[in-house]
Amino acid sequence: MNIIVLVKQVPDTTEVKLDPKTGNLIREGIESIINPDDRHALEAAINLKEVAGGKVTALSMGPPQAIDAISEAIGMGADRGILLSDRAFAGADTWATSFTLGKAIEKIEKYDLIFCGRQAIDGDTAQIGPQVADYLHMSQVSYVYEIEKVNRKSIFVKRRLEDGFEKVRATMPALLTVIEELNIPRYSHVGRLIDACKEKTPIEVWNAADIGVQTSEVGLEGSLTHVIKTFAPKFQREGEMLEGDTKESVRTLVGKLKENRLV
Amino acid sequence: MTVWIETELCNGCKRCIKACPYGAVELKDGKAHILENCTSCGACVEACKQKAIQTDVEPRAIPDFSDRKGVWVFAEQRNGTLNRVSHELLGKAQALAADLGQEVSAVLLGYQVSGLARTLFDYGADNVYLAQHRALKDYRTIAYAKVFEGLVTEFKPNILLMGATHTGRDLGPRVSRRVGVGLTADCTELTIDPEEGILLQTRPAFGGNVMATIANRYSRPQMATVRPGVMEALKKKGNKGTVIKYKVSLTEKEIGTKVLEQFKEKKKGVSLSSAKVIVAGGRGVGTEEGMKSLFSLAKAFGGEVAGTRIIVEEGWLPVERQVGQTGQTVRPEIYIACGISGAIQHRAGMMGSRYIIAINKDAGAPIFQVADWGIVGDLNQVVPELTKAISESKRK
């Protein structure tokens, strides 16, 4: 069972702030992590490999420092790591990203499954999985929280719905996007982390030429959507503070509610 | 392909810094300086009044899309019941279509679902594209994507909206890739640019800390998924529309997936999305005991209780009662925030409320900036007092 796992390195978003003066993201000093959902995808793939045999390949697209995410994936148990990195890939929307990943996957020899996290915490789009699946003409199941069984022809999974779940059989090759509920990801093994840095498990870095794409097809140039502006969310209302002690302020409030026919 | 600064011309006005969506320009010794993460998008070039920013990037030609007409909405249904978000999308679609002088159409897929067309007209659809087939009974990605591909190719819509539900977020990207268009996820605001006539799609990013407005200039339809609970459904009384039946042929082999079983988990009577009043608790509630007084207040109002992420993580409320970026988006008539500081992630889920009341010990809590009425005080006193007052006023 050969499995490709799509991994993204993301900033730890609880810390992301906007510069109030410029309206730009403050990126300095923010830690980079493997996207949380992707860790569950890695765990599922490694787990399946341990049962059924085969090989797990971690694939990422990002700046050179995203190699840390691949090392960590290898530390968890991935057998091979590939980082797609090129200045030309920068500024890609999901259209250009799914194309770039799709082209790279076509270069990787035989695979049965592709696992990805449901969505990345920096963009929250949840689009890359389905778009890659479409590019590669594969069946797809999203929001997977349980893998029941796998055979040569099909994979049986449970998929979360807003108000329940469904059992789905998907024909191989298939792409799954997984959610947190699926498993508890393991930590990286130190020995394997060291291997990732040595020649034992070399991480391949591929650029635009390596995957055979024109710079006009990828990155910002190859994108179909563009960010026009970013801004801090505006939430201000004309608030009124109700004065007085508890009784008084509550009385004023009830008065306001009545005035506005809310009670 | 680069962007560079003619330093002599730069007067350090910082317009380019504001204009850059990537935070890739900074001021160094009073002059603008392009950083390594520049994507050569050219936003700064247009912003510079000194013409100090140069680029060798050729402006990209925008194709002619004058034949693209109509605002389409995916009418999501399961087992013959329409998802509420479809009504909301039709509400927004009416406004967008009016701005463009175009029609609203709903796309209804399924098996034996033609009766739903009536409802779609009631919510503002001028047309319903109806595709019925046994293979469309359960939602399946490839089957639905194939039908959309056929419809879009044949009828050439200008805009296509889907709910950012589990189904919409599964189908949207698949359709976008297939018909060769961009897609903006999970939008909370949609408007038509008055000059260019394009759809401006605004969405939260980075966990709600940043809002981004996105345009889709180079492909049609302009596709977006829209967060449930954000747009307002608008009934259009007596509206009549046309059903356009669309024939499909599908085989099990090409679809690739099969839904073997479906389970509905019993809802424990929680329906935040339809609650008129929501009483919400945050860290300041302090104890599980404290939550009880919120339930009493909610009962007095005939409303529901919700909470922030912390309350859910503490195990004081089930996850289906969580409001915020990672929980639900709600828009009740009255939202009473008790002991909630008002972190941006929480505000993202409740700002659509008609009236917001904040009760908090800390007068400096950001929640007061978004409240219509605020009471600084101990919620253990204020909440019971308010409960009493509301119960009394109802008895009268």
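What you see is a predicted model; the values in this text were computed from it and never measured.

Attention shifts here to the pairing of strand β14 (residues 210-215) of chain B. Regular strands place their side chains on alternate faces of the sheet. In terms of residue burial, β14(B) counts as a mostly covered element, since five of its six residues are buried. Here strand β14 (residues 226-231) of chain A pairs with β14(B) via five bridges, running antiparallel. Residue pairing for β14(B): A:Val227 is matched across the bridge by B:Ile214. In this sheet, β14(B) lies alongside strand β13 (residues 199-205) of chain B in antiparallel orientation, the contact comprising six bridges. Within β14(B), the position partnered with B:Ala205 by the bridge is B:Val210.

A few words now on the sheet that holds strand β19 (residues 304-307) of chain B. Read across the sheet, six strands follow the order β15(A)-β22(B)-β21(B)-β20(B)-β18(B)-β19(B) without closing on themselves; strand pairing throughout is parallel. Bordering the open sheet on either side are β15 (240-241) of chain A together with β19 of chain B, each of which pairs with just one other strand. Its contacts with the sheet place helix α8 (residues 288-301) of chain B against β18 (277-281), β19 and β20 (334-338) of chain B, and it is angled at close to 170 degrees to β18(B). Packing of helix α11 (residues 379-395) of chain B onto the sheet brings it into contact with β20, β21 (355-360) and β22 (373-376) of chain B, and relative to β21(B) it is tilted by some 135 degrees.

All names here are of chain B. Within the secondary structure, Ala-43 sits in helix α2 (residues 43-47). With 22 C-beta atoms counted inside 10 Å, the residue Ala-43 sits in the buried group. Taking the C-alpha atoms as reference points, Ala-43 and Gly-282, 239 residues apart in sequence, are found 41 Å from one another. Here Ala-43 is in contact with Ala-19, Cys-20 and Pro-21, once residues within four sequence places are set aside.

Turning to helix α4 (residues 128-135) of chain A, a few remarks are in order. Here α4(A) lies mainly inside the structure; seven of its eight residues are buried. Those residues of α4(A) lying buried are A:Ile128, A:Gly129, A:Pro130, A:Gln131, A:Val132, A:Ala133 and A:Asp134.

This part takes up the interface of chain A and chain B. Facing the 73 residues of chain A at the interface are 78 residues of chain B. For the side of chain A that touches chain B, the element with the most residues is strand β11 (residues 164-171) of chain A, which contributes eight residues.

Moving on, we come to the sheet that holds β13(B). Ordered by their spatial adjacency, four strands build an open sheet running β14(A)-β14(B)-β13(B)-β12(B), and the pairing between neighbours is antiparallel. Only two strands of the sheet have a single neighbouring strand rather than two, namely β14 of chain A together with β12 (189-192) of chain B. Pairs of neighbouring strands in the sheet enclose a mean axial angle of 25 degrees, with direction left out of account.

All names here are of chain A. By the secondary structure assignment, Thr-252 is in helix α6 (residues 246-259). Note on Thr-252: 16 C-beta atoms within 10 Å, which makes it partly exposed. Taking the C-alpha atoms as reference, Thr-252 lies 6.9 Å from Leu-242; in sequence the two are 10 residues apart. When near neighbours in sequence (up to four residues on either side) are disregarded, Thr-252 contacts Leu-242 and Gly-244.

How each quantity is defined
Residues numbered from 1 in each chain as written. Chains lettered and ligands numbered in written order. Predicted model: local features only at pLDDT ≥ 70, side-chain atom pairs only at ≥ 80, totals over all residues. Buried ≥ 20, exposed ≤ 12 C-beta atoms within 10 Å, placed from the backbone. Helix = DSSP H or I, 4+ residues; strand = E, 2+ residues; numbered from the N terminus. Pairing = 2+ DSSP bridges. Contact = placed C-beta atoms within 7 Å. Axes fitted to C-alpha atoms, helices over the stretch in contact; angles between N-to-C directions.

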